[in-house]
Structure formats: C-alpha cells, structure tokens
Protein chains: 2
Amino acid sequence: MPDSTFPEVRSLDLFADMSDENYAKLMRGAYLQTFPPHVDLIGEGEDADFLHVLVSGAVDLFSSWSNRETSVMIVKPVSTFILAATIRDARYLMSARTMEKSRIVMIPSQDVRAIFDLDAGFARAVVVELAACYRSVIKTTKNLKLRTALERLANYLLSRSQDHDGALNFVLDLEKRQLASVLGMTPENLSRAFKALQAYGVQVNGENVVINNMDDLQTFAKPTSLIDDNRT
Amino acid sequence: MPDSTFPEVRSLDLFADMSDENYAKLMRGAYLQTFPPHVDLIGEGEDADFLHVLVSGAVDLFSSWSNRETSVMIVKPVSTFILAATIRDARYLMSARTMEKSRIVMIPSQDVRAIFDLDAGFARAVVVELAACYRSVIKTTKNLKLRTALERLANYLLSRSQDHDGALNFVLDLEKRQLASVLGMTPENLSRAFKALQAYGVQVNGENVVINNMDDLQTFAKPTSLIDDNRT
DNA sequence: CGTTAAATTGACGAATCTCAATGCACGTGG
DNA sequence: CCACGTGCATTGAGATTCGTCAATTTAACG
C-alpha cells in the first residue's frame, strides 16, 4: 500500500497492458510480504481472498487426500498463482507452501475482479494467462495418463536440458523427493528410475545430471511439444 | 451465416452477457454443421482455427502418444470446447471425435478474439468459463495422482449418483471402454474394479448400476468437493 | 441368425508402492 | 575439530496394483 508499486509485478505480462490508474487501484489494497522457507501460505478448501504474485523464491502447490499428498506444480518467480480461484471467487483447490524464502504480493481478490471489469487490457491479459495455465495442466494430465513414471522422468530431464540451452549436464532444481511428487511417483521409485536411465546414458550424482547420449535418451523419451513444451 | 443465430448458443453462459450486435458479428462467420457418430473433428497439433460449440450429441476429447491413447474428457451439450487454444491462437492439445450424431457450431477463432476485445461482457464470460475449465482439469490431476483406479471408479459412481439426484440406481452414460479410458485404466482393469466394488455393495449389470449400501461406498471412496464436485 | 464389437475372465508379467534398513550429507553443539 | 542428530537418498525384499495377451462370453444390430 505504500509508495512502491512493485515494479516486478508491474512488468508481469498479466499487468503490463493496464493503465497506470487501474494498476494503482489494484495495488491500493495489496501488500508485499516476505516468508521464510517451508511456511504454509494457503490450505486447500479455504476461500480465495487474495491473488498471490510470487516475486522471489519458490512455492509448492500441493494437494492432499486420504493421508496422501502430491505436488501439483511448482511456482517460480515472477508469476501469479491461483488466479482461477480468484476469478471465480471460489475455494482454493490446492495448498501452497514456500520452498525457500519468498517474497509475495497479495492482492485482494475482489479488487482483481473489480479492475477486471474496468480495464480491458487487464481482462485480455487475464484470459491469455488463464488459457496458458489451462493448457499447461492439460499437458500434465496427458503426461500422467499416457506415460510411465520412467518416461515422465526421461522427458523431465530433456526439458531441463532445454531450459539450460540444451546443455548435456545441469543441476536439478528440485529436491529429489519433491521431483518424485511432481512426477507422480515415490522417492524410492525415482531412485530406481534414475538407475534405469543409465541404460540410456544418463548419469546422476547427487543433484548433477549428465546426459551422455542425447539421441538414446530422446529415442526412449519421445518428447513432443504437445506435452513437454512449456510455451505453446 | 443465415438468419438463425443459434438460440441454443446464445443462451450459453459464454454468450449470454454480450450485446446483440456483437453476438451477431461473432456469428457472422460461424456455421452449424451436423456430424455422424465416430467422426474425427480435430487432430491434436492442428491450428485452432475454430471455437467449437457442441449443441447436441457428445464429443470425446482424447490424446495419443507413442501408440497409446487416452480420453481426456467428454463434452456434453451445450458447451464449448478448446476455448483455450482459440484464445491463445495455438495448436490443439487434444483430438476430438463425435461419439454420437452431433450438431456443432464452429466460430472462426479470429472472430472470437476480435469480439473479445470489443465486448466486455463477453470477455468476462470467457474468463469465468476458462477458470472453470482450469479448475476442472486440476481436479482431474488430483484424482489421477492421489487415488488408485478403484478409488477413482468408486468416486465416479458416486458422482453419477449425484447427477441423478442421489438415486441408488442409474445407467452409465458411457461405454465401459470409454469410461476406462477417462478413468485412466484398461477395460480389463475396469471389469475387475467393478467386481471389486461388489465388496462395497455395488452391483453392475450391463449399463445398470445399483448402489446397495451408500454408506459403505462413501466410506471407501471418500469423495470430496475439492476433487469430485463439478460445480465449485 | 450371423457378424461384429464390446465385455469378461484367466494367466502372466511389468510397474509401482510399502516397509525396513542402511548410507550419506549437512549442520549444531560440545 | 569432532560427535551426533536429523533428514534425505538409496537399496533390498515383498506385496499390490495394473497392464498385456489370449480365449471366451455377451450384447447389438442388420
């Protein structure tokens, strides 16, 4: 609420197209908060009172049922989360916790909905953002239903390699236990999956990954932009 | 293009709030087509040239990878499909085929995007619709990652019971092979799952389902509105 | 009826989870 | 500096879930 209008937030695609006036209105009731690692931010089932914008750090969006828990997605800066619940004035479908020290801007949901009606540029950006989120989750579903755990892991490694400009060695950006949950498997199974990928030239040492034979791995993983690409 | 402006479409939430003028503009380039059963409408990977509105019949949205195929969702009238690809001017992530004889209105994607910018009511409706779709897919992901196939089936039956006003017996609205694909299992596994649910008082005869002991089934299935509810 | 596709059943194997034990890193406090 | 937690990762053994293949039964429809 102070003078600062959160420049990192302003430059987000979601807010870039709106008028200064409406942006100011939107941020009037917002506040920036810093959280330590491993702090619960949101519990699934709660009302979506705020749209959250992750400015720095990392947030785990997870869900529980019947003593089981799974990580649905990991949010990296700078991006928003739980936009859909805010729009629909509904309950959160996922819980959220910080993975590292994180700075988060919280914008009252009712303000988001109000400004949405006032600002066509913002409305357009929300739609484009939501459509991207939707497509991303569809890809997750296809990944889960069409592939085995080993295939999901292989494609995950190829994706990370792409993120590093196609590098043949890189560092995992997630704890293995986290990665296992994201990929829909147990940590034990992940360990064995890494070993199984040795047959395709993958070496893993701690958090370091080396792809010795990109062709072999790609032949096995059969990546496709209709599942693995984060952009289109 | 003719006089008819597709009243069934007009009354959809998505189009209800827009001006007559903009609705007319949107429908200027649209056309209604009737398809026989089991006709391919869309192949994944193709450009999203049209927003589709299913007026009657049923459409299967499915996806293939590496010789495998899975049904991601079933579309029932009256609703749109592949709105997200239209909005983002991207390629379809899913293929579509008719399950029965179906009437479908096809609206050029560029018109949808153009009218979106002109009509705030339409913009708002698109966002609300997309947010609902997003939340629905999140629930699908949770269902897949947190539950076994048997649990998914049990909850599916409870959902269908709810759809029939809580009736203890009802008729499956999908072929079993289709249902298996939607639930992420093989037809053989579905057969055995139905048998396994006998232990909880479920009787299946052809397409007829009887729930003899709702409490038993609910105790086993542990349904939750954060996964199973289609509305919120 | 006869043809076709779906559904079921059985036998088997692969994929995955669970439980328990061990190993390994990292940080704290002595 | 080292002992010792603590938590994550790994490994092994065994059970469970689930998929595959083949054969059979059932249902649907001309």
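Residues numbered from 1 in each chain as written. Chains lettered and ligands numbered in written order. Predicted model: local features only at pLDDT ≥ 70, side-chain atom pairs only at ≥ 80, totals over all residues. Heavy atoms only, no water.

1. Considering helix α9 (residues 187-196) of chain A
All names here are of chain A.
Line of reasoning, step 1. Among the residues of α9, Leu190, Ala193 and Phe194 are the ones counted as buried. All buried residues of α9 project into a common sector of 100 degrees when viewed along the axis, lining one side. Exposed side chains of α9 directed beyond 90 degrees from the buried face belong to Arg192 and Lys195.
Line of reasoning, step 2. At its buried positions, α9 is contacted by α7 (149-163), α8 (176-183) and β10 (202-205). (Buried < 20%, exposed > 50% of the residue type's maximum accessible area, 1.4 Å probe, protein only. Helix = DSSP H or I, 4+ residues; strand = E, 2+ residues; numbered from the N terminus. Arc of directions from axis to C-beta. Contact = heavy atoms within 4.5 Å.)

2. Observations concerning the interface of chain B and chain A
Line of reasoning, step 1. On the side of chain A, 59 residues touch chain B, which itself brings 59 residues to the contact.
Line of reasoning, step 2. Of the roughly 5100 Å² buried where chain B meets chain A, counting both sides, 69% is carbon and sulfur surface.
Line of reasoning, step 3. Our count for the chain B to chain A interface comes out at six salt bridges.
Line of reasoning, step 4. A salt bridge links A:Asp117 to B:Arg124; the shortest N-O distance between them is 2.9 Å.
Line of reasoning, step 5. Joining chain B to chain A, the criterion identifies 28 residue pairs in polar contact (both at pLDDT 80 or more).
Line of reasoning, step 6. At the level of secondary structure, the elements contributing two or more residues to the side of chain B that touches chain A comprise β4 (59-65), β5 (68-75), α4 (83-88), α5 (109-118), α6 (120-146), α7 (149-163) and α8 (176-183) of chain B.
Line of reasoning, step 7. With 20 residues, the single largest contributor to the side of chain B that touches chain A is α6(B).
Line of reasoning, step 8. Class assignment of the residues belonging to the side of chain B that touches chain A gives a composition of 29 nonpolar, 15 polar and 15 charged. (Buried area = accessible area lost by both parts, 1.4 Å probe. Salt bridge = Lys/Arg side-chain N within 4 Å of Asp/Glu carboxyl O. Polar contact = N/O pair within 3.5 Å; in protein donor to acceptor, adjacent residues only side chain to side chain. Nonpolar A, V, L, I, M, F, W, Y, C, P; charged D, E, K, R; others polar.)

3. Topic: the domain arrangement of chain A
Residues and elements named next belong to chain A.
Line of reasoning, step 1. By the assigned domains, chain A splits into domain 1 (7-144) and domain 2 (147-221).
Line of reasoning, step 2. A straight line from the C-alpha centre of domain 1 to that of domain 2 covers 28 Å.
Line of reasoning, step 3. The interface is formed by ten residues belonging to domain 1 together with eight residues belonging to domain 2.
Line of reasoning, step 4. Here domain 1 packs against domain 2, burying approximately 760 Å² in sum over the two surfaces, 43% of which is carbon and sulfur.
Line of reasoning, step 5. For domain 1, the biggest contributors to the area lost against domain 2 are Ser71, Asn143 and Leu144; these three give 54% of the whole.
Line of reasoning, step 6. Along the contact surface separating domain 1 from domain 2 lie one salt bridge.
Line of reasoning, step 7. With a closest N to O distance of 3.4 Å, Lys76 and Asp173 form a salt bridge.
Line of reasoning, step 8. For the interface between domain 1 and domain 2, the tally reads five residue pairs in polar contact (both at pLDDT 80 or more).
Line of reasoning, step 9. Elements with a contribution of two residues or more to the side of domain 1 that touches domain 2: β5 (68-75) and α6 (120-146).
Line of reasoning, step 10. The greatest single-element share of the side of domain 1 that touches domain 2, amounting to four residues, is contributed by β5.
Line of reasoning, step 11. For the side of domain 1 that touches domain 2, a count of residues per class yields three nonpolar, three polar and four charged. (Domains from an automatic or database assignment.)

4. With respect to the UniProt feature "domain: Cyclic nucleotide-binding" (unreviewed entry) in chain A
Line of reasoning, step 1. The feature "domain: Cyclic nucleotide-binding" (unreviewed entry), as given by UniProt, occupies residues 14-116 of chain A in the numbering adopted here.
Line of reasoning, step 2. With 25% helix and 43% strand, residues 14-116 of chain A has its two end C-alpha atoms placed 11 Å apart. (UniProt positions renumbered as here; feature names shortened; annotations may be inferred.)

5. Observations regarding the relation of the copies chain B and chain A
One copy of the chain maps onto the other through a rotation about an axis plus a displacement along that axis.
Line of reasoning, step 1. For the pair chain B and chain A, the best superposition has an RMSD of 0.0 Å and corresponds to a rotation of 180 degrees with a translation of 0.0 Å parallel to the axis. Look at the turn and shift together and you get a two-fold axis relating the two.
Line of reasoning, step 2. With an isologous cut-off of 70% or more, the 100% of interface residues of chain B that recur at the interface of chain A puts this contact in the isologous class. (Least-squares fit on C-alpha atoms with pLDDT ≥ 70 in both.)

6. Focus on the protein's contact with DNA strand C
Line of reasoning, step 1. In the vicinity of DNA strand C there are 15 residues, among which A:Asn189, B:Lys176, B:Ser191, B:Arg192 and B:Lys195 approach most closely.
Line of reasoning, step 2. Per the 4 Å cut-off to the protein, sugar and phosphate atoms form 62% of the nearby atoms of DNA strand C.
Line of reasoning, step 3. Contact distances for DNA strand C include 2.9 Å between a phosphate oxygen and a backbone N or O atom of A:Ala149.
Line of reasoning, step 4. In the environment of DNA strand C, a phosphate oxygen lies 2.8 Å from a nitrogen or oxygen atom belonging to the side chain of A:Asn189.
Line of reasoning, step 5. Here the element with the most residues in the surface near DNA strand C is helix α9 (residues 187-196) of chain B; it accounts for four residues. (Near = heavy atom within 4 Å.)

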